[in-house]
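Here are the chains, one letter per residue:
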Amino acid sequence: MSCFPFLVNVDRLKGIIIGGGKVATEKVHRLIEFEPDLTVIAPSVSDEILKYQNQITVKERQYVASDLDGADYVIAATGDRNINEKIYSDAKSRHILINVVDMPELCDFIFPSVVRRGKLVVGVSTNGASPQIAIMLKKKIEEMI
């Protein structure tokens, strides 16, 4: 995977996270400070996600393909490979960018390590080759600013 580091204004895009567990919660935490138009869909969602119900839409139910209608990007974080692959297929057929967690071969975009201080946003990624180096660089950048 060779990724170009776009910085995207997520408050102008409709994002969908399918999944409500630990990984989905982490994705919500990473996006929420950027004021996204975000919907989380899962039969059960974490209490942490429910805390954001005034900022995001939460639908506690099974995923259906029409959930992707109008979406600009999708994150598949169900923990079930078969469901994640179905979400991938549904997203690709609609030309929607998708991130399938823990399956880099099914990702159009990745989540870098992010440092944010006011208007300054810095993203660090090794394209998965060395997460420890990305963490180290993030810490160094945080110390610098």
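About the thresholds
All chains use their own residue numbering, which begins from 1 and follows the written sequence. Local features in this predicted model are restricted to residues of pLDDT 70 or higher, and side-chain atom pairs are both shown and tallied only at a pLDDT of 80 or more, whereas totals for entire chains, interfaces and linings draw on every residue. To obtain the side-chain values, all non-hydrogen atoms of the structure were included, while hydrogens and water were left out. Put simply, the grid is 1 Å and covers the protein atoms alone, a cavity is a trapped set of points that fit a 1.4 Å probe, a pocket is an open set with protein on both sides within 12 Å along at least five of seven lines, and lining residues have an atom within 4 Å of a point. Grid points are joined across faces, edges and corners, and a volume is the space filled by probe spheres set on the points. Strands here are runs of E lasting at least two residues and helices are runs of H or I lasting at least four, both read from the DSSP assignment and numbered beginning at the N terminus. Amino acids outside the nonpolar list (Ala, Val, Leu, Ile, Met, Phe, Trp, Tyr, Cys, Pro) and the charged list (Asp, Glu, Lys, Arg) are all regarded as polar, and Gly is one of them. One speaks of a salt bridge when a side-chain nitrogen belonging to Lys or Arg is within 4 Å of a carboxyl oxygen belonging to Asp or Glu. Remark: exposure states derive from per-residue accessible area (1.4 Å probe, protein chains only) relative to the maximum for the residue type, with buried under 20%, exposed over 50%, and partly exposed in between. Throughout this description, the term nonpolar core refers to a set of buried Ala, Val, Leu, Ile, Met, Phe, Trp, Tyr and Cys residues connected via side-chain atoms within 4.5 Å. When DSSP finds two or more bridges between two strands, those strands count as paired. Only the stretch in contact is used when a helix axis is fitted, and all axes are lines through C-alpha atoms; the angle between N-to-C directions ranges over 0 to 180 degrees. Whether two residues are in contact is decided by their heavy atoms: any pair within 4.5 Å suffices. Each aromatic pair joins two rings of Phe, Tyr and Trp (for Trp, the six-membered one) with centres within 6.5 Å, and gets the label stacked for planes under 30 degrees apart, edge-to-face for over 60, and tilted for any other angle. Here, a charge over a ring is recorded when the distance from Lys NZ or Arg CZ to the ring centre is within 6 Å and its angle to the ring normal is within 35 degrees.

Sorry, what's going on with the layout of surface pockets here?
Over the atoms, a rolled probe matching the size of one water molecule traces out where space is still vacant. As a volume, the largest pocket reaches approximately 1100 Å³. Around the largest pocket sit 33 residues that line it, and Phe6, Leu7, Val8, Ile110 and Pro112 are the ones nearest its centre. Of all the secondary-structure elements, those providing two or more residues to the lining of the largest pocket are helix H1 (22–32), strand S6 (113–117) and strand S7 (120–124). For the lining of the largest pocket, the residue count by class is 20 nonpolar, six polar and seven charged. Estimated volume of the second largest pocket: approximately 640 Å³. Taken together, 25 residues form the lining of the second largest pocket, with Lys27, Arg30, Ile110, Phe111 and Gly128 sitting closest to its centre.

Can you help me understand the pattern of salt bridges in this one?
A side chain of one charge can pair with a side chain of the opposite charge when the charged atoms of the two come close. In this structure the tally under the stated criterion is nine salt bridges. Put simply, Arg94 and Asp69 hold a salt bridge, and the shortest N to O gap is 3.1 Å. With a gap of 25 residues between them, Arg94 in the loop between helix H3 (81–93) and strand S5 (97–100) and Asp69 in the loop between strand S3 (57–60) and strand S4 (73–76) connect regions that are remote in the sequence. Residue Arg94 is classed as partly exposed on the basis of its relative accessible area, which comes to 30%. Of the residues examined, Asp69 reaches a relative accessible area of 42% and is grouped as partly exposed. Asp90 is paired through a salt bridge with Lys86; the nearest N and O atoms lie 2.8 Å apart. Residue Asp90 and its partner Lys86 are located together in helix H3, separated by four residues, close to a single helical turn. When salt bridges that share partners are traced, they join Glu26, Lys27 and Arg30 into one network.

Would you explain the nonpolar core in this entry?
Ranked by size, the top nonpolar core spans 19 residues in total, and within it Ile17, Val28, Ile49, Ile56 and Ile75 carry the most contacts. Of all the secondary-structure elements, those providing two or more residues to this core are H1, strand S2 (37–42) and S4. With four residues, the single largest contributor to this core is H1. In terms of nonpolar packing, the next biggest core, distinct from the first, is built from 15 residues, Ile16, Leu68, Val100 and Met103 among them.

How should I be thinking about the sheet that holds S4 in this particular structure?
Sheet strands pair via backbone hydrogen bonds, and the direction of the pair is either parallel or antiparallel. Pairing in this open sheet of five strands is parallel, and the strands run S3-S2-S1-S4-S5 from one edge to the other. Single-partner strands in this sheet number two, and they are S3 and S5. Between one strand axis and the next, the sheet turns by 15° as a mean value, whatever way the strands run. Both strand S1 (residues 14–18) and S4 contribute to a ladder of four bridges, which runs parallel. Each bridged residue has a counterpart across the sheet, and for Ile17 the counterpart in S4 is Ile75. With respect to the sheet, H1 is in contact with S1, S2 and S4, its orientation differing from that of S1 by roughly 155°. Those strands touched by H3 are S1, S4 and S5, and its axis lies near 170° from that of S5.

Is there a simple way to think about the packing of aromatic side chains in this case?
Aromatic ring pairs: the centre-centre distance and the angle between the two ring planes describe each pair. One pass over the full model with this rule turns up three aromatic pairs. Here Tyr73 and Phe109 contribute two aromatic rings whose centre-to-centre distance is 6.2 Å and whose plane-to-plane angle is 85°, an arrangement assigned as edge-to-face. Highlighted residues: Tyr73 in strand S4 and Phe109 in the loop between S5 and S6, separated in sequence by 36 residues. When its relative accessible area of 6% is taken as the criterion, Tyr73 is described as buried. Aromatic pair Phe109 and Phe111: ring centres 6.0 Å apart, planes at 50°, arrangement tilted. Residue classification places Phe111 among the partly exposed positions, given a relative accessible area of 21%. The structure contains a cluster of three or more aromatic residues connected by ring pairs, namely Tyr73, Phe109 and Phe111. The ring of Phe111 carries the charged tip of Lys27 above its face, separated from the ring centre by 4.2 Å. We note Arg116 situated over the ring of Phe34; from NZ or CZ to the ring centre the distance is 4.5 Å.

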